[in-house]
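Here's the letter readout for the chains.
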Amino acid sequence: MQSTVMSHATDRAADPASRPIRVVSIPAAHPYVGRITASPDIDVLSDPPVDGAPSGVWWPPAALDPDWIHDHAVDADVLHVHFGTESFPPGHVTACIEAAHQVGWSVVYTVHDLEHPQLDNQAAYDRQLDELVRGADALITLTPGAAAGIRERWGRDAVVIPHPSLLSDDVTVPLVSPSAETRVGVHLKDLRPNVDAVGAVTTLIDAVERLRRRGADVVAEVRMHHAVRDPEAREAVRRLVGSSEAALLIEHERLDDLGLAIALSRLDVCLLPYRHGTHSGWLELCWDLGVSVAVPSGIGAYLEQHPDDTVSAYDLGDGASLERAVGELLEADGASRAGSAGRGATVADRRARRVVDDAVGAAAHAELYRRVIAERAS
């Protein structure tokens, strides 16, 4: 849980080993950060207000600024960068890392994305990755594959700490009505740059129509926000769905946590529609909700996030490969169909496992923080 740290100059002289570690997290108000810092050994400063932005908006992060860091030198021990840096110009994060070191903070960077999901052109982000990976005192990532990529590209080792749960503790997992039909869905959201909406929907409809020709009672569910970044792709998706009796399109506003949990819980298989990326919080939420996931092959480290029979790969543009992936997932996880008692048992089991695993992850972060603080002090 995040808390605002009220610091005094005397705190700076206190031994960090005898008190909670004070962290400036970029950002702080994010479910991922809340999970990995949910330890009595960690205090996270709240995100400072962003000029001109509504309350609760943390981007672009005001704390990632050399002047802000100098002004708050006595308030923290560690600067931990996660994401939200892509709007800054070249050299900015280097200046922030240097400012953090000047005031005595250690710097940790979690490499969530080796390819940025919000960007088409990765060139500027690649340069920023160079700054962050080379400048940080310690690196974290989420999968062994990502760690191997970091080692190959920069010659640095990253500590692997798996992705925590993203299912809010405040959300009671909904019971949905069981259905005779199998529902394979894709959520395109607002059509951000790494979403191959046309390719994914084309592949999904092809796979579902193949399954129906074999006698399966299956439907393709396509969801998309009303407000999108690519109106041309939206129109193409509408045409594709409208031309198939096997598919339905649901357009809606951005869902809240409960609404999203209900929508996902209605699916038997969820399709990830990504053309590039590294890790997926969406996959984690599906896992929490007992929903099997088909991920694009050859992209990112999605298969490593949960290397079990609840995740399978398909080739974008190849309906036959998705047909096989869906068949494998349904066969492996047949007892956990949407609305079934098996699904409920799976969700309860995974929620209990997450309590243990997330506590281990938070402890691992606290241990790493104390290590880098000690190394800088020496």
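Refer to the structure above for everything that follows.
Keep in mind it's a predicted model, so treat the numbers as computed, not measured.

Caption draft 1: Spotlight on the overall build of the protein. If you tally the helices and strands in the protein, you get 13 helices and twelve strands. The C-alpha radius of gyration of the protein comes to 22 Å, within 12% of the 21 Å expected for a compact globule of 378 residues. In terms of overall dimensions, the protein has C-alpha extents of about 70 × 40 × 40 Å along its principal axes. A buried classification covers 52% of the 378 residues belonging to the protein. Pairs at least 24 apart in sequence give 70% of the contacts found in the protein among residues at least 6 apart. When the accessible surface of the protein is totalled, it reaches about 16400 Å², and 52% of it is carbon and sulfur.

Caption draft 2: Representation of the nonpolar core. Leu188, Leu204 and Leu264 are the most contacted members of the largest nonpolar core, which totals 51 residues. Looking at which element gives the most residues to this core, the answer is helix H7 (residues 197–213), with eight residues. Discounting residues that sit within four places of it in the chain, Leu204 has contacts with Val184, Val186, Ala220, Glu221, Val222, Leu271 and Leu322. By size, the runner-up hydrophobic cluster in this structure holds 33 residues, among which are Ala63, Ala100, Leu129 and Leu132.

Caption draft 3: Representation of the sheet that holds strand S10 (residues 269–271) within the structure. Here six strands make up an open sheet; going across it, the order is S9-S8-S7-S10-S11-S12 and the pairing parallel. Each edge of the open sheet carries a strand with a single partner, namely strand S9 (247–252) and strand S12 (311–314). Pairwise comparison of adjacent strand axes, ignoring direction, gives a mean angle of 25° for this sheet. Here six bridges tie strand S7 (residues 182–187) to strand S8 (residues 218–225), and the two strands are oriented parallel to one another. Along S8, the bridge assignment pairs Arg183 with Val219. Along the sheet face, H7 touches S7, S8, S9, S10 and S12 and points at about 165° away from the line of S8.

Caption draft 4: Representation of the pattern of salt bridges. Scanning all chains against the criterion turns up 23 salt bridges. In this structure, the salt-bridge partner of Arg210 is Asp206, at a minimum N-O distance of 3.1 Å. Highlighted residues: Arg210 and Asp206, both in helix H7, separated by four residues, approximately one helical turn. With a relative accessible area of 28%, Arg210 lands in the partly exposed category. When its relative accessible area of 26% is taken as the criterion, Asp206 is described as partly exposed.

Analysis parameters
- Chains are numbered independently. Their residues run from 1 in the order of the written sequence.
- The predicted nature of this model means local features are confined to residues of pLDDT at least 70 and side-chain atom pairs, given and counted, to a pLDDT of 80 or more, with totals for whole chains, interfaces and linings taken over all residues.
- The side-chain quantities take in all heavy atoms of the structure and omit both hydrogens and water.
- For the purposes of this entry, the term helix denotes a DSSP run of H or I that reaches at least four residues, the term strand denotes a run of E that reaches at least two, and both are numbered from the N terminus.
- In this description the radius of gyration comes from C-alpha coordinates, and the expected globular size is given by 2.2 Å times residues to the power 0.38.
- Type-normalised accessible area, obtained with a 1.4 Å probe on protein chains alone, sets the label of each residue: buried when under 20%, exposed when over 50%, and partly exposed for intermediate values.
- Throughout, a contact is declared for two residues whenever any of their heavy atoms are within 4.5 Å.
- Method for areas: the Shrake-Rupley scheme with a 1.4 Å probe, in which residue coverage is limited to the protein chains shown.
- What we call a nonpolar core is a set of buried Ala, Val, Leu, Ile, Met, Phe, Trp, Tyr and Cys residues that are connected through their side-chain atoms within 4.5 Å.
- The pairing criterion for strands is at least two bridges between them, as found by DSSP.
- Between N-to-C directions, angles span 0 to 180 degrees; the directions come from axes that are lines fitted to C-alpha atoms, helices contributing only their stretch in contact.
- The rule for a salt bridge is simple: a side-chain nitrogen of Lys or Arg has to be within 4 Å of a carboxyl oxygen of Asp or Glu.

None of this, on its own, says anything about what the molecule does.
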